[in-house]
Amino acid sequence: MIHTVDIVIPVYNESQAIQSFHHQLTAALEALPYQFRLLYINDGSTDETQLQLEQIFNGAPDVRIVELSRNFGHQAAISAGLDLVDADAVITMDGDGEHPPAVIGQMLQLADAGYDIVVAQRETGQKASWFKRWTSGAFYSTINRIGDTKISPGAADFRLITRPVVDSLKKFHEYHRFLRGMFAWMGYRSISLPYTPAERISGKSKYSFKKMVNLAANAIFSFSLVPLYIAIAMGGLFIVLAIIEAIYVLSFWISGQQSTLEPGWSSLMFVLLIVGGTIMISLGFIGVYLGYIFQEVKGRPVYLIRRFLDHPSSDNSK
Ligand code: UDP
Ligand code: MG
């Protein structure tokens, strides 16, 4: 049975949204028969977010705040939170209001029914821009085709995990994190719970194009070796083409018609360019993996904590 529940909320420059998010959340939690604690992770915000969070903290004994030393990114911020919680179940959700707190009750019911991971699954986001929907759709179909771990589309980082799963996650020391993929890899009894996303309370998405590309790269390169095989296959294909071409040219020589061969500058150039391109792409793939390995072997921490605000008496979660 689940008694204590920690809620981990990563926030980055959400000063416009955080107060009303907090009110929505606490209002939704009041009716539920569990003991909740909230853990806000300020992911190096450069606006008033920390100030707002401290105001919330001062008025609420069940709120804790972690301030990271800089912006480490959404996945790292969630990881920081998960390393600090000790409740029977932990829920991670965004602090911008897009993850409706009303779903939390159902998540906990499912956890009480014996599920270890409850993933809230966004019903095909009518609200998201076509660009986000399209890139997200393409992303999930690609990753599921080439990766070894199946990841369901629309599963953002709004999920409940129970104590054993949290403990297991702490055994992962990888620097490049794609939590959705890591949870899918871990197994456990998992279920998805559809929900309709709400509107962002204020401000705009903090997932810049660069951050989206980074997340996609982490998902692909840390979950799949297929890009390397693609490179090898392309190389193989061009070697076969080269052999066919050699046989073709040889056939002219054997039949004594070599003088009819074109000087062939353009075809040579064509092959040269394609082969050159393939080699560069292959090298690029290998380079990316090398870079990932380089960053992993350094064993750097995933995040750094500047400050941890906790109420002295709040350790009543056990
Ligand atoms: N976020 C974060 N660090 C970042 C980017 C985002 O902690 O570097 C937080 C953000 O404040 C929000 C959540 O992660 O609570 C999801 O981000 P966002 O809403 O910008 O992403 P989207 O919902 O557009 O995918
Ligand atoms: Mg959002």
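That block above? That's the structure.
Residues numbered from 1 in each chain as written. Chains lettered and ligands numbered in written order. Predicted model: local features only at pLDDT ≥ 70, side-chain atom pairs only at ≥ 80, totals over all residues. Heavy atoms only, no water.

Lay out the sheet that holds strand 3 (residues 63-68) with the relevant residues and their values.
In spatial order, the strands read 7-5-6-4-1-2-3-8; together these eight strands make up an open sheet with mixed pairing. The outermost strands of the open sheet, each flanked by one partner alone, are strand 7 (190-195) and strand 8 (305-309). The mean angle between the axes of side-by-side strands here comes to 20 degrees, regardless of whether they run parallel or antiparallel. The sheet strands contacting helix 3 (residues 74-84) are strand 1 (4-11), strand 2 (35-42), strand 3, strand 4 (89-92), strand 6 (159-162) and strand 8, and the helix crosses strand 1 at an angle near 155 degrees. (Pairing = 2+ DSSP bridges. Helix = DSSP H or I, 4+ residues; strand = E, 2+ residues; numbered from the N terminus. Axes fitted to C-alpha atoms, helices over the stretch in contact; angles between N-to-C directions. Contact = heavy atoms within 4.5 Å.)

Kindly report on the coordination of the magnesium ion (ligand 2), identifying the contributing residues and their values.
Asp 96 (OD) and Glu 98 (OE) make up the full set of protein donors to the magnesium ion (ligand 2), lying at 1.8 to 1.9 Å. Glu 98 gets classed as partly exposed once you look at its relative accessible area, which sits at 31%. (Donors = N, O, S within 2.8 Å, 3.2 Å for Na, K, Ca; no water. Buried < 20%, exposed > 50% of the residue type's maximum accessible area, 1.4 Å probe, protein only.)

Lay out a nonpolar patch on the surface in plain terms, naming residues and giving numbers.
Together, Trp 130, Phe 131, Trp 134, Phe 209 and Val 213 make up a nonpolar patch on the protein surface, roughly 640 Å² of accessible area in all. Taken together, the elements giving at least two residues each to the nonpolar patch come down to helix 5 (130-146) and helix 8 (209-221). Broken down by element, the nonpolar patch gets its largest block of residues, three residues, from helix 5. (Patch = residues over 30% accessible without salt bridge, like charges linked within 9 Å, V, L, I, M, F, W, Y side chains within 5 Å. Areas by Shrake-Rupley, 256 points an atom, 1.4 Å probe, with all protein chains shown as cover. Salt bridge = Lys/Arg side-chain N within 4 Å of Asp/Glu carboxyl O.)

For the environment of Thr 4, give the residues involved together with the corresponding values.
Tracing the backbone shows Thr 4 in strand 1. Of the polar contacts made by the side chain of Thr 4, one reaches the backbone nitrogen of Asp 88; its length is 3.0 Å. (Polar contact = N/O pair within 3.5 Å; in protein donor to acceptor, adjacent residues only side chain to side chain.)

Describe the packing of helix 1 (residues 18-30) against helix 2 (residues 49-59), naming the residues involved and giving the relevant values.
Running from N to C, helix 1 and helix 2 point in directions that differ by 30 degrees, and their axes come no closer than 10 Å. Of the residues in helix 2, those in contact with Ile 18, Gln 19 and His 22 of helix 1 are Gln 52, Leu 53, Gln 55 and Ile 56. Split into classes, the residues belonging to the contact of helix 1 with helix 2 amount to three nonpolar, four polar and no charged. (Nonpolar A, V, L, I, M, F, W, Y, C, P; charged D, E, K, R; others polar.)

Report on the site of ligand 1, specifying residues and quantitative values.
Taken together, 18 residues form the shell around ligand 1, and within it Asp 43, Asp 96, Ser 205, Lys 206 and Lys 211 come nearest. Within the contact set of ligand 1, a nitrogen atom lies 3.4 Å away from a backbone nitrogen or oxygen of His 74. Here an oxygen atom of ligand 1 sits 2.8 Å away from a polar atom, N or O, in the side chain of Glu 98. For ligand 1, the accessible surface in isolation is 520 Å², of which the surrounding protein chains cover 92%. (Near = heavy atom within 4 Å.)

Could you give me a rundown of unusual backbone geometry, with the residues and numbers involved?
Note: most residues except glycine have negative phi, and most peptide bonds are trans. Notably, Asn 13 is not glycine yet its phi reads approximately 50 degrees, a positive angle. Topologically, Asn 13 is positioned in the loop between strand 1 and helix 1.

Structural measurements only, silent on function.
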